Amino acid sequence: QKEVEQNSGPLSVPEGAIASLNCTYSDRVSQSFFWYRQYSGKSPELIMSIYSNGDKEDGRFTAQLNKASQYVSLLIRDSQPSDSATYLCAVNKDQGAQKLVFGQGTRLTINP
Amino acid sequence: GAGVSQSPSNKVTEKGKDVELRCDPISGHTALYWYRQSLGQGLEFLIYFQGNSAPDKSGLPSDRFSAERTGGSVSTLTIQRTQQEDSAVYLCASSLFLAGSGSTDTQYFGPGTRLTVL
């Protein structure tokens with residue numbers, strides 16, 4: 001079992017709809033959770049972080065964390081073609097050092 | 001301000017040769033990380049430096065891989081006797097170290113070095 005698992009996709013969503021990206025993790029003591037966006041040929045950029053159970057909203061993005069189910073998700077509302085990218089889920093297992101464990105990423109395509 | 005920079009952006013080498021990859025972190029960031037990303041895969045942690053502490057080398061895949069960080073700033077990742085399976089994009093990231101909590105802040109990534117071993 002991989003430590004952080006994501007559906008590799010591709011996930012196709014029509015423009016204006018809600019894109020839902022999911023991630024599960026195996027280490028129950030994981031403390032911090034991140035979503036990075038990576039455009040093709042570019043480096044990852046942080047879009048959301050979440051540390052406690054529940055929802056965290058930032059503009060069109062909402063991160064959801066359920067530690068009991070070891071599940072974290074990212075919702076993108078009003079999807080735009082510019083949201084087309086690979087979304088990487090990352091989990092911090094260690095106290096102190098932010099040594100992130102990444103999933104393989106989900107490729108998202110927003111269709112105009 | 002200036003972000004994380006890496007050089008070279010692309011490196012093609014022959015199997016068995018040694019390569020050096022350079023990372024220049026954001027000024028003031030004391031934490032520095034190296035990751036490897038193979039085609040279509042997520043990021044694989046390689047090594048972590050924080051200030052003058054001993055680096056966390058737990059992600060280095062073999063003893064052919066080594067890294068150093070001079071003067072708490074620039075870092076060099078060295079791969080000796082390269083193999084074809086070493087072909088990947090090598091990403092460097094840096095972050096602030098939050099002394100109060102003993103943790104690090106958001107990691108900012110450089111543009112990466114694409115290594116191709118023929």
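Here, the structure is the one placed above.
Keep in mind that this is a model prediction, so the values were computed, not measured. (Residues numbered from 1 in each chain as written. Chains lettered and ligands numbered in written order. Predicted model: local features only at pLDDT ≥ 70, side-chain atom pairs only at ≥ 80, totals over all residues. Heavy atoms only, no water.)

**Q** So what's going on with the side chain of serine 94 of chain B? Residues and values would help.
**A** Residue and element names in this part refer to chain B. By the secondary structure assignment, serine 94 is in strand β8 (residues 88-95). By relative accessible area, serine 94 is classed as buried at 0%. In terms of polar contacts, serine 94 uses its side chain to reach the backbone amide nitrogen of isoleucine 26, at 3.3 Å. Not counting chain neighbours up to four residues away, the residues in contact with serine 94 comprise Val4, Pro25, Ile26, His29, Ala31, Leu32, Thr106, Gln107 and Tyr108. (Helix = DSSP H or I, 4+ residues; strand = E, 2+ residues; numbered from the N terminus. Buried < 20%, exposed > 50% of the residue type's maximum accessible area, 1.4 Å probe, protein only. Polar contact = N/O pair within 3.5 Å; in protein donor to acceptor, adjacent residues only side chain to side chain. Contact = heavy atoms within 4.5 Å.)

**Q** Outline the environment of glutamine 41 of chain B, supporting the account with residue identities and numerical values.
**A** Residues and elements named next belong to chain B. Its place among the elements puts glutamine 41 in the loop between β4 (31-37) and β5 (43-50). The class for glutamine 41 is partly exposed, based on a relative accessible area of 39%. Between the C-alpha atoms of glutamine 41 and alanine 88, which are 47 residues apart in sequence, the distance is 9.9 Å.

**Q** Go over unusual backbone geometry with me, naming the residues and quoting the values.
**A** A cis amide bond links glycine 9 of chain A with the next residue in sequence, proline 10 of chain A, at an omega value of 10 degrees. Residue position: proline 10 of chain A is located in the loop between β1 (4-6) and β2 (11-14). Of note, the bond from serine 7 of chain B into proline 8 of chain B is cis; its omega dihedral lies within 30 degrees of zero at -10 degrees. Of note, proline 8 of chain B is situated in the loop between β1 (5-7) and β2 (10-13). The phi torsion at glutamine 70 of chain A lies on the positive side, around 55 degrees, for a residue other than glycine.

**Q** Tell me about the sheet that holds strand β3 (residues 19-24) of chain B, and please be specific about residues and values.
**A** Residues and elements named next belong to chain B. Pairing in this open sheet of 4 strands is antiparallel, and the strands run β1-β3-β7-β6 from one edge to the other. The open sheet is flanked by β1 and β6 (65-69), the only strands paired with a single partner. Sheet twist, expressed as the mean angle between neighbouring strand axes with direction ignored, is 15 degrees. Note: β1 against β3, 3 bridges, orientation antiparallel. Within β3, the position partnered with serine 7 by the bridge is arginine 22. (Pairing = 2+ DSSP bridges. Axes fitted to C-alpha atoms, helices over the stretch in contact; angles between N-to-C directions.)

**Q** With reference to specific residues and values, describe the sheet that holds strand β8 (residues 71-76) of chain A.
**A** All names here are of chain A. Here 5 strands make up an open sheet; going across it, the order is β1-β3-β8-β7-β6 and the pairing antiparallel. Edge positions in the sheet fall to β1 and β6 (54-58), since each has one partner strand and no second. Pairs of neighbouring strands in the sheet enclose a mean axial angle of 20 degrees, with direction left out of account. Pairing of strand β3 (residues 19-25) with β8 involves 6 bridges; the strand directions are antiparallel. Within the sheet, the bridge partner assigned to alanine 19 lies in β8 and is isoleucine 76.

**Q** So what's going on with the environment of glycine 40 of chain B? Residues and values would help.
**A** Within the secondary structure, glycine 40 of chain B sits in the loop between β4 and β5. Note: C-alpha distance between glycine 40 of chain B and glycine 112 of chain B (72 residues apart in sequence) is 15 Å.

**Q** So what about the packing of aromatic side chains? Which residues, and what values?
**A** Within the structure shown, the criterion is met by 10 aromatic pairs over all chains. Ring geometry for tyrosine 36 of chain A against phenylalanine 102 of chain A: centres 5.7 Å apart, planes inclined by 55 degrees, an arrangement best described as tilted. On the criterion of sequence distance, the pair formed by tyrosine 36 of chain A in strand β4 (residues 32-38) and phenylalanine 102 of chain A in strand β10 (residues 100-102) is long-range, its members being 66 residues apart. For the pair shown, tyrosine 36 of chain A and phenylalanine 102 of chain A are each scored as buried. On the basis of an interplanar angle of 75 degrees and a centroid distance of 6.1 Å, the ring pair of tyrosine 35 of chain B and phenylalanine 45 of chain B is categorised as edge-to-face. One end of the pair, tyrosine 35 of chain B, is in strand β4; the other, phenylalanine 45 of chain B, is in strand β5, with 10 residues separating them in the sequence. Phenylalanine 45 of chain B carries the same exposure label as tyrosine 35 of chain B, and that label is buried. In this structure an aromatic cluster arises from ring pairing among Tyr36 and Phe102 of chain A together with Tyr33, Tyr35, Phe45, Tyr48 and Phe109 of chain B. The lysine or arginine in question, arginine 60 of chain A, covers the ring of phenylalanine 61 of chain A, its NZ or CZ lying 5.6 Å from the ring centre. (Phe/Tyr/Trp six-rings, centres within 6.5 Å; stacked < 30°, edge-to-face > 60°. Lys NZ or Arg CZ within 6 Å of the ring centre and 35° of its normal.)

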